[in-house]
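For reference, the chains in residue letters:
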Amino acid sequence: MSDLLIRGGRVIDPSRGTDGVADLYVKEGKIEAVGRNIPAPPGTMVVDAAGKVVAPGLVDLHVHLREPGFEHAETIASGAASAAAGGFTAVCSMPNTDPVTDSQATVGFVVRQAIRAGKARVYPIGAVSLGQRGEQLTEFGEMVQAGAVAVSDDGRPVASSHLMRTALEYAKTFGIPVADHCEDLSLAIGGAMHEGIVSARLGLKGIPSAAEEIMVARDIILAELTGGHVHLCHMSTRGSVELIRWAKSKGLPVTAEATPHHFTLTHERCEGYDTSAKMNPPLREAADRDAIRQGLKDGTIDCIASDHAPHHYDTKEREFDEAPNGIVGLETALGLAMRELVAPGILSLSEMIKRMSTTPARIFHLPGGTLAVGAPADVVVFDPDRRWVVRREELHSKSANSPFIGETLVGQVEMTLVAGRVVHQRKDRSTS
Amino acid sequence: MTAPALGKDLLGLEPLSAEQIRLILDTAEPFKEVSERAIKKVPALRGKTIVNLFFEPSTRTRISFEFAEKRLSADTVNVASTGSSISKGETLVDTARNLEAMRIDMVVIRHPASGAAQFLGSRIRSNVINAGDGKHEHPTQGLLDLLTLRDRFGKIEGLKVAICGDVLHSRVARSNIWGLLKLGAEVALCGPATLIPRELAELGVRIIPHIEDAIAWADALNVLRLQLERMQGGFVPSLREYNRVFGVTRERLERAPRDLVILHPGPINRGVEIDSDVVDGPHSVILPQVTNGVAVRMAVLYLLAGGAPDWQAS
């Protein structure tokens, strides 16, 4: 592994509040220096980053890598490659695999597969309950020892308030958050999209916003009761944003994420029964999307997470009711954040990087999210102005279930480094 | 022949213009007479092959389509979900592609999933007719209801029609709402709030919570079937109470300021959403609806096959 000098880029590091043209010198996998006119010692690979942004690698707290169990849709290797291509140097993989990632053995498997893949870092999230059945707590301590960074039953809510309470209390021992998929199943069951005028017209059973908000409110109340850190996954409604704002005003240990599709799309996208727009939580109304954007701006929503959810094309080529929820998101997240949040001036470039790197790393206590000297050289270099078209055949994920296929995004990843090693480089890029 | 007047498929009444809906109704008029002849057959669709693909039980609609097809001299095949490869787990897209490979001309599909007809129509070249998809639309039912109302009142414009009952789960309701609104009728929805999606008010329909008020307002009632499983879903506490609070009864109709025309898409739960003496009473057009169903379906089949709008059956 050669050392690397990334020369003349706009180096943005929200962890230190810096933003300016500089060189970034990477030596032995770590950030060695950031400054002007750093000379390149012999043998150093020099990358011209003029006009590009150099930032701490993106961190995604919410991905589904499908291995073990659903390798036809994604593997840890293909998912980690997709992450690297999207500028992510670290992703946290949800435990709804088969078998469920609910023990030190299964957590260890994810860690080993990620090391073998050698692309983005993959941090496993262990299940809250055995088999994600919502009954018995898993062995948080052993899973953390094996590499788990959080617990979640994502894909399913922690339906029992008692279980959620004990999970929050028990997780405190290990300093990990409990990430909850907020959904009152008795309200949501059988639902295929947001409950509103579009679902009423299409004759699809709707999932009311209340199904999410009831559980957000419950989790906030339990965070207050227990003092445990609850992380609210994929927030989608304006009511949820209001509730989180209230929780934060009380200083409660609550953090929240939102996905690019929820700050971009609305339920009208389901017209024509387009299964690439079927996800859970569902796409909601313009007022919800706008509240999510505002939440990201004012910090009510702490971070952006992709909820990358690969599905084989066969399973999406179905009646809307029958199709599975979710879309791939790792390779479109940055381009959507740039197009939807930075271009219209909702977030500055630095704020966007904070919400996609520095803050998520802090929430799950991960290394990364910084370009501080001495930190592991997890770095993304991207062209903030470059427009590119999302093409199915160019995605690195094994699946291409995305409503953004064919769309033009702004901002393309040039290079991704993990611990100083180039794990992704845009194909037609020339380096000196 | 002129260019197809309806496009490739009939998926619902929402995508149709008022002119297209009137064209179907006008085309149905001469076809009514075919069914009154001793020899109930015209050669309009001779040589066309039509598959009736029914993924849900159906008596009225399936038979009505089959009569319509046969009276137009088409060759027809009926496929039901049981006893076919569908029951072996074949996906809808594979079923469609296999049918297409047999070079068929049209598919009539009834399916429990909303959007199934559109799914099929976007994947095969044959014409697709939606015979009811989930809770979405049942366009030929909507059309036969419109034709029946037009027979009775002479026009649709300005009519006040109340759609009563389980609108939430009803594809008939959605097709009626679109068809009636497009032709200039006023539409009200009446039933327990658990079964009336309040968002539908955005389409320009009014919601009348009490059946007495709906009866006082309307020129015609389209009474929807209350499916028995809605009790288990917790939408209504009991069929008995439903009848007492929301049932269309003779007593309630007798208090109306004018005689109301009563429609029902069937099958009827006598004594639940509607009383027997109303079904069998002088203002019921439930059987004329069934008769009109054949004519409307003949018109749709004929127009989708590229038939000229000015064709005369006589």
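Quick notes on the rules
- Residues numbered from 1 in each chain as written.
- Chains lettered and ligands numbered in written order.
- Predicted model: local features only at pLDDT ≥ 70, side-chain atom pairs only at ≥ 80, totals over all residues.
- Heavy atoms only, no water.
- Helix = DSSP H or I, 4+ residues; strand = E, 2+ residues; numbered from the N terminus.
- Phe/Tyr/Trp six-rings, centres within 6.5 Å; stacked < 30°, edge-to-face > 60°.
- Buried < 20%, exposed > 50% of the residue type's maximum accessible area, 1.4 Å probe, protein only.
- pLDDT = per-residue confidence, 0-100.
- Contact = heavy atoms within 4.5 Å.
- 1 Å grid on protein atoms, 1.4 Å probe; cavity = no way out; pocket = protein on both sides within 12 Å on 5 of 7 lines; lining within 4 Å.
- Points joined across faces, edges and corners; volume = space filled by probe spheres on them.
- Nonpolar A, V, L, I, M, F, W, Y, C, P; charged D, E, K, R; others polar.
- Expected span 1.5 Å × (residues − 1).
- Axes fitted to C-alpha atoms, helices over the stretch in contact; angles between N-to-C directions.
- Parallel < 35°, antiparallel > 145°, perpendicular 65-115°, else oblique.
- Left-handed = near helix turned anticlockwise from the far one by under 90°.

Some words on the environment of A:Glu393
At step 1: Tracing the backbone through its elements, the reader meets A:Glu393 in the loop between β16 (379-389) and β17 (408-418).
At step 2: With 198 residues separating them in the primary sequence, A:Glu393 and A:Glu195 have C-alpha atoms 34 Å apart.

Topic: the packing of aromatic side chains
All names here are of chain A.
At step 1: Across all of its chains, the model carries four aromatic pairs over all chains by this definition.
At step 2: The interplanar angle of 50 degrees and the centroid separation of 5.3 Å between the aromatic rings of phenylalanine 140 and tyrosine 170 together place this pair among those described as tilted. Remark: tyrosine 170 occurs in helix α4 (residues 161-174) and phenylalanine 140 occurs in helix α3 (residues 140-146); sequence separation between them is 30 residues.
At step 3: Ring geometry for tyrosine 170 and phenylalanine 174: centres 5.2 Å apart, planes at 75 degrees, overall edge-to-face. A residue pair is termed a helical-turn pair when its members lie 3 or 4 positions apart in one helix, as tyrosine 170 and phenylalanine 174 do in helix α4 at four residues.
At step 4: With a relative accessible area of 27%, phenylalanine 174 lands in the partly exposed category.
At step 5: Taken together, the ring pairs connect Phe140, Tyr170 and Phe174 into an aromatic cluster.

Observations concerning the confidence of the model for chain B
Detailed reading of the predicted model is not advised wherever pLDDT is low.
Residue and element names in this part refer to chain B.
At step 1: Per-residue pLDDT for chain B averages 92, and the proportion of residues at 70 or more is 96%.
At step 2: Residue range residues 310-314 is modelled with pLDDT below 50. Its contacts to residues more than four positions away, or to other chains, number twelve contacts.
At step 3: Taken over the whole predicted complex, pTM reads 0.94, whereas the ipTM for its chain interfaces reads 0.92.

Notes on the layout of surface pockets
All names here are of chain B.
At step 1: Put simply, the largest pocket is a space of about 810 Å³.
At step 2: Lining the largest pocket are 30 residues, and of these Glu56, Arg110, Arg171, Arg225 and Gln227 lie nearest its centre.
At step 3: Those elements that place two or more of their residues in the lining of the largest pocket are α2 (60-71) and α6 (171-182).
At step 4: Looking at the lining of the largest pocket, its residues break down into seven nonpolar, twelve polar and eleven charged.

With respect to helix α7 (residues 209-226) of chain A
All names here are of chain A.
At step 1: Along its 18 residues, α7 runs 26 Å from first to last C-alpha, staying within 8% of the 26 Å computed at 1.5 Å per residue.
At step 2: Regarding α7, the residues found buried are Ser209, Ala211, Glu212, Met215, Val216, Arg218, Asp219, Ile220, Leu222, Ala223 and Thr226.
At step 3: Positive backbone phi, at 75 degrees, marks glycine 227, one or two positions downstream of α7.

Observations regarding α2(B)
Residue and element names in this part refer to chain B.
At step 1: When the terminal C-alpha atoms of α2 are compared, their 16 Å separation across twelve residues agrees well with the 16 Å that a helix rising 1.5 Å per residue should span.
At step 2: Buried residues along α2 sit in contact with β1 (49-54), β2 (75-80), β3 (106-111), β4 (127-133), α5 (139-153) and α11 (286-304).
At step 3: Remark: serine 73 follows α2 within two positions and exhibits a positive phi of approximately 70 degrees.

Focus on the packing of α4(A) against α7(A)
All names here are of chain A.
At step 1: The interhelical angle for the contact between α4 and α7, taken along N-to-C directions, is 45 degrees, at an axis separation of 10 Å. Viewed along their axes, α4 and α7 adopt a mutual orientation that is oblique. α7 is crossed by α4, and the crossing has right-handed handedness. Along the contact surface, α4 presents Ser161, Met164, Arg165, Leu168, Glu169 and Lys172, while α7 presents Arg218, Asp219, Leu222, Ala223, Leu225 and Thr226.
At step 2: Across the contact of α4 with α7, the residue classes break down as five nonpolar, two polar and five charged.

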